[in-house]
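Here's the letter readout for the chains.
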Amino acid sequence: MFLALPCRNTLDANRSAYPLAFSAVSPYARIMCSHPLLQSVFQNLSAIIKTGSLHFLLACSGGADSTALLLAFHQLKPHLSCRLTVISVNHNIRSAQESAADSAFVAELCSSLTPPLPCIIETIPEGEVAHCAQERKRGIEDAARALRYRIFEKTAAAVQADFIVTAHNQSDVYETVLMRLFQGGSTASLQTMSIRRGSYIRPLITVERSSIESFLRQQHSMWCEDSTNADDRYLRNRIRHHLVPALTGTFTNWHSGLDKTLQRIGLDRSFCDLALTSAQKAFIAAQKSSAGTAEWEGCKHGAVSLSAAFFDSLHPALRLRLLEQGCLQLGIEERVPLGILLRLAEEPAALETKSTNTHTSAAGSLRLERRGSKIFLFNTGAYLALYRQKSYLLTIEQAGTYTYPLGFLECYHTAQGFFIKDHDDRTAGLGPFRLPVTIRGRRGGDRIKMSSGGLKEVKKILNEWSVDSLARALLPIIIEDSSLRAFYGGVLGYKNWFVEEA
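Everything quoted here is computed from the prediction, not taken from an experiment.

> Now, about the overall build of the protein chain: what can you tell me, with residues and values included?
The helix and strand inventory of the protein chain stands at 17 helices and 22 strands. Out of the 502 residues in the protein chain, the part that is buried amounts to 48%. Accessible area of the protein chain: about 25,100 Å², with a carbon and sulfur share of 53%.

Pasting the structure below:
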């Protein structure tokens, strides 16, 4: 195979900027580049590699993009002072014959190189992609990507790779932006892809698909054509086959125009992010309260919460940013429709006509509750999974550790008697009690004794404390001798209620 190496000017410039990365460059490194793709890959990697002896895990499907990246990386590898391992994933969503042929192609290509490259073939069990898509309520493509990336990260850890290399190219970027644009994506989703994102690097991100195929032809290299790439049931394929040609035929320089629009969007987003940070700092300083009041704080039952006053003080555009941050903190991976976010961002206006400061909005994967001075944001799926456990019942007859929907309860003995505390509670918990006690979720009609000696409905107490709906369902009620002796609000960030013995 012809050895194409970086051109002299590129190497000289990068040698001075990154001396560690080029300490072992051979004399052949001054040969002119044989193709622009090699120079682009070399420059993009040089911007990241500031030390030698790095280990890269390169993802290769056998398609044109990843095959070109593998060949380019292999040629440049000696001059980057790095190690390279290849991984290929069989998703089992095409015919067994086609999938096996692609995996075999990658393995054979790796073994045919001089020196050969280690290659790992991973197979996702048949039907798992479809199951994942159903669970995530997204398409097959999204599910396949999620499973594939899990495998990449697991394998990278196993082989101790410093970076995972993927073959996203400039054409992919434009297709993704067009997809997000017409889906009403957030400004974050309309950003151009960077060369590096965490442990992932994309050396082809500045290279057009036409240049990739040109490089492969020059290398006399074959590649695999995924039959699903021609299937217009997939949105990306429809964009590639129909929308992009239509745009090219109508607006010759549409790429350049879109780049300028994305630059403007990026600047606007940067300004809003800075404005939100400034607003958070100003609110905290004015309130003289804990830093968490203006930032999402995690709750024991999986929600995140912040000050309703801070939320109300923001412009709707900044509320939108704040909700997006909350979604990330909740681990919501799927795109939350703009309509849902806008509805939640307009909460204060919706409340102007209400006589109570309690309100709930829920749609899709997101649930927002306003309870008194706080706003709670839930992942609806996680919320429902916990809510279904509200009828839990636990009998404690001796000291020990017990499981319940919110984690672990510890029963321990002191000279005063038995105390009960959640594993994460830094206080002494509640007590003393006489065993056995029963711990369960709240039920309708539950009443507890007040200091005056009268009884009061637990529901009314929780209303007065503005307790959120999930905490109401899961809050531990402690029964001793058939009487409601306490409820453990402290575990969920509220007050405890404990009836002292006469």
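> I'd like a rundown of the pairing of strand S2 (residues 82-90), residues and numbers included.
Extensive coverage of S2 is indicated by the burial of eight of its nine residues. Once you follow strand S1 (residues 54-59) into helix H3 (residues 64-80) and on to S2, the crossover reads as right-handed. Strand direction decides the pairing type here: S2 and strand S3 (residues 119-123), joined by five bridges, are parallel. When the sheet's bridge partners are listed, Val89 is paired in S3 with Glu122. Assessed by its sense of winding, the connection that carries the chain from S2 through helix H4 (residues 96-112) to S3 is right-handed.

> I'd like a description of the sheet that holds strand S13 (residues 400-404), backed by residues and values.
The sheet built from four strands is open, its strands ordered S13-S14-S15-S16 with antiparallel pairing. Here the strands that pair on one side only, and so sit at the sheet edges, are S13 and strand S16 (430-433). Adjacent strand axes in the sheet meet at a mean angle of 25°, parallel and antiparallel pairs treated alike. As defined by bridge partners, strand S14 (residues 407-414) adjoins strand S15 (residues 417-422) across six bridges and the pair is classed as antiparallel. Its bridge partner lying in S15, Glu410 is registered against Lys421.

> Run through the pattern of salt bridges, naming residues and quoting values.
By the definition in use, this model includes 23 salt bridges. Note that Asp273 and Arg321 form a salt bridge whose closest N and O atoms lie 3.7 Å from each other. Residue Asp273 is located in helix H10 (residues 254-287), and its partner Arg321 is located in helix H12 (residues 316-330); the two are separated by 48 residues in the primary sequence. Given a relative accessible area of 9%, Arg321 falls into the buried group.

> Kindly report on the packing of helix H7 (residues 170-182) against H10, identifying the contributing residues and their values.
Two numbers describe how H7 lies on H10: the axes approach to 12 Å, and their chain directions differ by 65°. H10 is crossed by H7, and the crossing has left-handed handedness. Side by side, H7 and H10 meet where Tyr174, Val177 and Leu178 of the first sit next to Trp254, His255, Leu258, Asp259 and Leu262 of the second. When its residues are assigned to classes, the contact of H7 with H10 shows six nonpolar, one polar and one charged.

> Pulling in residues and values, what's your account of unusual backbone geometry?
For the peptide bond that leads from Gly431 to Pro432, omega is 5°, which places it in the cis range. Along the chain, the position of Pro432 falls in strand S16. Cis geometry marks the peptide bond from Leu435 to Pro436; its omega dihedral reads 5°. Position of Pro436 relative to the elements: it lies in the loop between S16 and strand S17 (437-440). Non-glycine residue Asn92 carries a positive phi angle of around 60°. Considering the arrangement of structural elements, one finds Asn92 in the loop between S2 and H4.

> Tell me what's going on with the nonpolar core, and back it up with residues and numbers.
Ranked by size, the top nonpolar core spans 40 residues in total, and within it Ile396, Ile420, Phe433, Ile439, Ile448 and Phe487 carry the most contacts. Each residue touching Phe487, except ones within four places of it in the same chain, is listed here: Leu430, Ile448, Val458, Ile461, Leu462, Trp465, Leu475, Pro476, Ile477, Lys495, Asn496 and Trp497. Formed by 39 residues, the second largest nonpolar core is a distinct cluster that contains Ile48, Ala72, Leu117 and Phe215.

> Mind laying out the sheet that holds strand S22 (residues 497-498), listing which residues take part and the relevant values?
On the basis of which strands lie adjacent, the open sheet formed by five strands has the order S12-S17-S20-S21-S22 and antiparallel pairing. Both edges of this open sheet fall to strand S12 (393-396) and S22, since each of them pairs with a single strand only. Alignment of strand S20 (residues 477-480) against strand S21 (residues 483-487), held across four bridges, turns out to be antiparallel. Directly across from Ile477, in S21, lies its bridge partner Phe487.

> Before we move on, can you summarise H10 with the specific residues and values?
With 34 residues, H10 should reach 50 Å at 1.5 Å per residue; the first-to-last C-alpha distance of 49 Å fits that figure. Those residues of H10 that fall on the buried side of the exposure criterion are Trp254, Leu258, Leu262, Ile265, Gly266, Arg269, Cys272, Leu276, Gln280, Phe283 and Ile284. Contacts from the buried residues of H10 go to H7, helix H9 (235-250), strand S8 (304-307), helix H11 (308-313) and H12.

> Residue-level account of the side chain of His35, with values.
Along the chain, the position of His35 falls in the loop between helix H1 (8-17) and helix H2 (36-46). For His35, a relative accessible area of 8% translates into the label buried. Polar contacts involving the side chain of His35 include one to the side chain of Ser214, which spans 3.0 Å. Polar side-chain contacts of His35 include one of 3.4 Å to the backbone nitrogen of Phe215. Residue contacts for His35: discarding those within four places in its chain leaves Ser211, Ser214, Phe215 and Gln218.

> Can you lay out H9 for me, pointing to particular residues and giving the numbers?
When the terminal C-alpha atoms of H9 are compared, their 21 Å separation across 16 residues agrees well with the 22 Å that a helix rising 1.5 Å per residue should span. Residue Leu243 marks the point of greatest curvature in H9, where the axis turns by about 30°; the proline Pro245 follows within four residues. Among the residues of H9, those classed as buried are Asn237, Ile239, Val244 and Leu247. Each element contacted by the buried residues of H9 is listed here: H7 and H10.

> Just give me the short version of the packing of aromatic side chains, but keep the residues and values in it.
Counted by the stated rule, this structure contains 15 aromatic pairs. With 6.2 Å between their ring centres and 35° between their planes, Trp465 and Trp497 make a pair best called tilted. Here Trp465 is found in the loop between helix H16 (458-464) and helix H17 (469-474), whereas its partner Trp497 is found in strand S22, with 32 residues between them in sequence. Taken together, the aromatic side chains of Phe376, Phe378, Tyr383 and Tyr387 make up a single cluster linked through ring pairs.

> So, the pairing of S14: which residues are in play, and what are the values?
Note that S13 and S14 share five bridges and pair antiparallel. Bridge pairing in S14 links Gly400 to Cys411. Hairpin connection between S13 and S14: a loop of two residues separates the two successive antiparallel strands. The turn joining S14 and S15, which pair antiparallel and follow one another in sequence, is formed by two residues.

Calculation notes
Residues numbered from 1 in each chain as written. Predicted model: local features only at pLDDT ≥ 70, side-chain atom pairs only at ≥ 80, totals over all residues. Heavy atoms only, no water. Helix = DSSP H or I, 4+ residues; strand = E, 2+ residues; numbered from the N terminus. Buried < 20%, exposed > 50% of the residue type's maximum accessible area, 1.4 Å probe, protein only. Areas by Shrake-Rupley, 256 points an atom, 1.4 Å probe, with all protein chains shown as cover. Right-handed = clockwise from strand over helix to strand, strands pointing away. Pairing = 2+ DSSP bridges. Axes fitted to C-alpha atoms, helices over the stretch in contact; angles between N-to-C directions. Salt bridge = Lys/Arg side-chain N within 4 Å of Asp/Glu carboxyl O. Left-handed = near helix turned anticlockwise from the far one by under 90°. Contact = heavy atoms within 4.5 Å. Nonpolar A, V, L, I, M, F, W, Y, C, P; charged D, E, K, R; others polar. Core = buried A, V, L, I, M, F, W, Y, C linked by side-chain atoms within 4.5 Å. Expected span 1.5 Å × (residues − 1). Polar contact = N/O pair within 3.5 Å; in protein donor to acceptor, adjacent residues only side chain to side chain. Bend = angle between axes of the 7 residues up to and from the residue. Phe/Tyr/Trp six-rings, centres within 6.5 Å; stacked < 30°, edge-to-face > 60°.

Remember that the coordinates give geometry; whether it matters functionally is a separate question.
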